[in-house]
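Summary of the model geometry
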Number of protein chains: 2
Amino acid sequence: MNRIYFFKCSAAGNDFVLFDDDITPDLSLDGKFIRKICDRRLGVGADGIIRIKNSGKADFEMFYYNSDGTGGMLCANGARAALKYVRFAGKVKNNDIVFESSGRRYKGNIVSETEIKFYFSDIGEINVIEDLEIAGRKIAGYEIDTGARHLVININDLKNSAPDELSDFPVVELGRIIRYSERFEPEGINVNFVEFTGPELKIRTYEKGVEDETLSCGTGSAAAAIVAHKIFNYKPPVVLYPKSGDKFIVDFNVNGNKIADVSLTGPAQIIYKGELLNL
Amino acid sequence: MNRIYFFKCSAAGNDFVLFDDDITPDLSLDGKFIRKICDRRLGVGADGIIRIKNSGKADFEMFYYNSDGTGGMLCANGARAALKYVRFAGKVKNNDIVFESSGRRYKGNIVSETEIKFYFSDIGEINVIEDLEIAGRKIAGYEIDTGARHLVININDLKNSAPDELSDFPVVELGRIIRYSERFEPEGINVNFVEFTGPELKIRTYEKGVEDETLSCGTGSAAAAIVAHKIFNYKPPVVLYPKSGDKFIVDFNVNGNKIADVSLTGPAQIIYKGELLNL
């Protein structure tokens, strides 16, 4: 077997194993291998896998897979980790970086040594669900596709039926019920619980594919920031604090009823590099 | 900063980050660094840290730290991982290996490429606790020191108060209550829930220091095997299946009322090697 090298990356606590096709080419990334790599005790442990390839049309091409082996959706934190990596590895010199993923073209920016910005493309419209059933209540839910399909819930709508503080909220329990509920079948949905009380948002996310809460979710944070603007009148840039405690800034331009150039800025690091020996 | 290299090891699902003093000397292993390394999303992720040093009196010296930074106790799976590592790294050629840890001398044996045997020293006597309060019941508990302090509970004693099947058992919930109960203050105790029904035991362990269930625990499995022999008349070798599904063999010699040469055999692997870049 050829040697398999990888890089472990963290983007605001969302963690990834990254394979660079220049270093470990021809790697066969099947579901079984992905699940093994992502196992936190028997493998390397990660929320997802990133593969970086050279591209003739952009600075690089990125492939993303969830820890359960599914792929094809956007992972904004994964994109920020990939942007950090290509700069770290010396593959790009400019601060403005262009890459491809799933046939789409994305932009990123190296804000500083530790802060990486990712620009979304094709953010969908908000679909307001008026009769979402949670914890024995009917509340509103805000569905939006930011590259992945997200539901945003204002936890204040659940006052007296669930804990007031987001830190005490049963994110996994309620998130899993909603994610697997009939309404969102067959694809399921990512579920974000948000405190829209202060000038800055607090957010916790249940991610499908990971099937657990993650320490932060980039597409979910963008979804919450857009809901904050469109429904709760927040002005960009919107600051959010995910479970990891890191600071996310979601910025966008507003032109009448339209928003454009949605970006997510937050920390990203390459924690360590590794070589698989026995997996 | 000097480069910091490590090896990620798994011994029956119990996972460790190993530092070899020959490769990364003078590493300062303080509590903060240990907790960071052991963090499963922001660090490398492990149940504990192992450090290997050369010894003038044995094949090597081993230092062990729990993921919370505490140290000084025996970790039998950690010892098996260390034995696997020194052979993997070519530090020893013999199958019989002698090492020091916390001022004691231990023996190990390379049974095969994947199976590693560790010999305990100074196993304590069983202290039968007749009135252990769990789940609203008073049952017996078997306390024994196998290098770490363990409580062994026969889950059949909790019939009708807790699930019959070990796989459904609330190990973390009940384990944590017992570990922090007044009776075992101030040091606390590791708690093993065991099915003593068939010829082979099933075991799940709540580990203090990790403060969670682990996929397997070597000192706990030895504790359960000795209780199986002394209380439930099992004959050595005793076979146990921890949560990881791996097979443990605990063997010992019986001489009247005494047991000696207690050993634990099970799988151990070096999963990958790594170099810290940003932690």
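None of the values given here were measured: they were computed from a predicted structure.

A few words on the UniProt feature "binding site: substrate" (unreviewed entry) in chain A. Residue and element names in this part refer to chain A. Under the present numbering, the feature "binding site: substrate" (unreviewed entry) in UniProt falls on Asn14, Asn66, Asn190, Gly218 and Thr219. In this structure, Asn14 sits in strand β2 (residues 14–20). Taking relative accessible area as the criterion, Asn14 reaches 2% and is therefore assigned buried. With sequence-adjacent residues up to four places away left out, Asn14 is seen in contact with Cys9, Asp47, Cys75, Asn77, Glu207, Thr214, Ser216 and Cys217. Tracing the backbone through its elements, the reader meets Asn66 in strand β4 (residues 60–66). With near-sequence residues (within four places) excluded, Asn66 lies in contact with Ile34, Asp47, Gly48, Met73, Lys208, Gly209 and Val210.

Each copy superposes on the other: chain B lies on chain A with an RMSD of 0.0 Å after a rotation of 180° and an axial shift of 0.0 Å. Here the transformation between the copies is reduced to the relation of a two-fold axis. In terms of proximity to the rotation axis, the leading residue of chain B is Gly274 of chain B, whose C-alpha is 2.0 Å off the axis. Of the residues that chain B buries at the interface, 100% are likewise interface residues in chain A, meaning the two copies contact each other through the same surface.

Residue and element names in this part refer to chain A. You can read the domains of chain A as domain 1 (5–121 + 268–275) and domain 2 (127–261). A straight line from the C-alpha centre of domain 1 to that of domain 2 covers 24 Å. Taken together, the contacts link 16 residues of domain 1 with 18 residues of domain 2. Across the domain 1 to domain 2 interface the summed buried area is about 1,200 Å²; carbon plus sulfur atoms make up 52%. For the domain 1 face of the interface with domain 2, the top three residues by lost area are Ala12, Leu74 and Phe120, together amounting to 35%. For the pair domain 1 and domain 2, the number of links is four residue pairs in polar contact (both at pLDDT 80 or more). It is helix α2 (residues 76–88) that provides the largest number of residues to the side of domain 1 that touches domain 2, a total of three residues. Here the residues of the side of domain 1 that touches domain 2 are counted per class, giving seven nonpolar, six polar and three charged.

Rules of the game
Residues numbered from 1 in each chain as written. Chains lettered and ligands numbered in written order. Predicted model: local features only at pLDDT ≥ 70, side-chain atom pairs only at ≥ 80, totals over all residues. Heavy atoms only, no water. UniProt positions renumbered as here; feature names shortened; annotations may be inferred. Helix = DSSP H or I, 4+ residues; strand = E, 2+ residues; numbered from the N terminus. Buried < 20%, exposed > 50% of the residue type's maximum accessible area, 1.4 Å probe, protein only. Contact = heavy atoms within 4.5 Å. Least-squares fit on C-alpha atoms with pLDDT ≥ 70 in both. Domains from an automatic or database assignment. Buried area = accessible area lost by both parts, 1.4 Å probe. Polar contact = N/O pair within 3.5 Å; in protein donor to acceptor, adjacent residues only side chain to side chain. Nonpolar A, V, L, I, M, F, W, Y, C, P; charged D, E, K, R; others polar.

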